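# Geometric and topological summary
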Amino acid sequence: MKTKSILTEARQIERAVTLIKLGARLQVLESETDLSYERLLRLYKEVAGKSPSKGQLPFSTDWFMTWQPNIHASLFLNTHEYLNKVAELEEIDTVIKAYQLYLEQTQAQNLEPLLSITRAWRLVKFVDNGMLTMTKCSKCAGSFVTHPHEIAKHFVCGLCNPPARAGKGKASGSLQLH
Ligand SMILES: [Zn+2]
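Counting of residues starts from 1 at the beginning of each chain's written sequence and follows it residue by residue. The predicted nature of this model means local features are confined to residues of pLDDT at least 70 and side-chain atom pairs, given and counted, to a pLDDT of 80 or more, with totals for whole chains, interfaces and linings taken over all residues. The side-chain numbers reported here are obtained from all heavy atoms of the structure, hydrogens and water having been left aside.

### Details of the pattern of salt bridges
Any Lys or Arg side-chain nitrogen found within 4 Å of a carboxyl oxygen on Asp or Glu counts as a salt bridge. Counting across every chain of the model gives four salt bridges. For glutamate 9, the salt bridge goes to arginine 39, with nearest N and O atoms at 3.5 Å. Remark: arginine 39 occurs in helix α3 (residues 37–48) and glutamate 9 occurs in helix α1 (residues 9–21); sequence separation between them is 30 residues. Using a 1.4 Å probe on the protein chains alone, a residue whose accessible area is under 20% of its type maximum counts as buried, one over 50% counts as exposed, and one in between counts as partly exposed. You can call arginine 39 partly exposed: its relative accessible area is 29%. Numbering of helices and strands starts at the N terminus; helices are DSSP runs of H or I of at least 4 residues and strands are runs of E of at least 2.

Structure follows, in structure tokens:
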């Protein structure tokens, strides 16, 4: 486990602003900065120009298992894992950087970024606590988000085996995950 270094307040505000600009929910900011709720609320309204959405984060692991979201989540997580290995960043900064790269990749392919920063953040938490993992596709050898009990020998990813209803659209462009 990485120790949380003591950040200056300015650095915390900068981090919060970056997350708000990327569309993060308030819960992410509360979890990843030491700024007070009131402070974050003010900051959110200032930067986003609106009040944050209320209520619980509705996400379960199910969303990540559906076809297109799984491809997007896998694209993000591959980048995240790579940065984790090569860059000495704090956990949340790795999420931010990987998400910015994910946005660049989808933009370059003319794809709508299906994965929100809040979901990306949740995904990393799910992987950290063992609820999700990555498994190599037995056909293309790309690494994809799966449940931990997936049997690698038989696993075929959503790019190699798209659902019948997917048709010939450029749903996933030419994304490569290996
Ligand atoms: Zn595959």
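### What to know about the UniProt feature "binding site: Zn(2+)" (unreviewed entry) in the chain
Sequence positions flagged by UniProt for "binding site: Zn(2+)" (unreviewed entry) are, in local numbering, Cys137, Cys140, Cys157 and Cys160. Maximum C-alpha separation among the annotated residues is 8.4 Å over a sequence range of 24 residues, consistent with a single clustered spot. Within the secondary structure, cysteine 140 sits in the loop between β1 (133–136) and β2 (143–146). Here cysteine 157 shows up in the segment after β2. The residues touching cysteine 157, leaving out its near neighbours within four places in the chain, are Cys137, Cys140 and Phe144. UniProt positions are given in the numbering used here, feature names are shortened, and annotations may be inferred rather than shown by experiment. Every residue pair with non-hydrogen atoms within 4.5 Å of one another is taken to be in contact.

### Quick notes on the packing of aromatic side chains
Pairing of aromatic side chains here covers Phe, Tyr and the six-membered ring of Trp, requires ring centres within 6.5 Å, and sorts the geometry by plane angle: under 30 degrees stacked, over 60 edge-to-face, intermediate tilted. For the coordinates displayed, the defined rule picks out five aromatic pairs. With a centroid separation of 6.0 Å and 80° between ring planes, the pair formed by phenylalanine 64 and phenylalanine 126 is classed as edge-to-face. Here the residue phenylalanine 64 occupies a position in helix α4 (residues 62–65), and phenylalanine 126 occupies one in helix α7 (residues 117–128), the gap between them amounting to 62 residues. A cation over a ring is seen here: arginine 119 above tryptophan 63, with NZ or CZ 4.1 Å from the ring centre. To sit over a ring, a charge needs its Lys NZ or Arg CZ within 6 Å of the ring centre and within 35 degrees of the ring normal.

### A short note on the coordination of the zinc ion
Water is not part of the atom set, so a site may look incomplete; the donors themselves are N, O and S atoms within 2.8 Å of the metal, or 3.2 Å for Na, K and Ca. Protein ligation of the zinc ion involves Cys137 (SG), Cys140 (SG), Cys157 (SG) and Cys160 (SG), the donor distances falling in the range 2.3 Å. Just to be clear on the cut-offs, tetrahedral is four donors with all angles between 85 and 135 degrees, square planar is four donors and octahedral six with opposite donors over 155 degrees apart and all others between 65 and 115, and anything else goes down as irregular. Note that the zinc ion binds four donor atoms; their angles at the metal cover 106 to 112°, and the shape is tetrahedral. Residue cysteine 137 is classed as buried on the basis of its relative accessible area, which comes to 3%.

### Description of the nonpolar core
The biggest cluster of nonpolar side chains holds 36 residues, and the ones touching the most others in it are Leu19, Leu29, Phe64, Phe76, Leu115 and Leu123. If you list the elements that add at least two residues to this core, you get α1, α2 (26–32), α3, α4, α5 (67–86), α6 (91–108) and α7. Aside from chain neighbours lying at most four places away, what touches phenylalanine 76 is Val95, Ala98, Tyr99, Tyr102, Leu115, Ala120, Leu123 and Val124. Definition of nonpolar core: a set of buried residues of the types Ala, Val, Leu, Ile, Met, Phe, Trp, Tyr and Cys, connected through side-chain atoms within 4.5 Å. If you look at the next biggest cluster of nonpolar residues, it comprises five residues, including Cys137, Cys140, Phe144 and Phe155.

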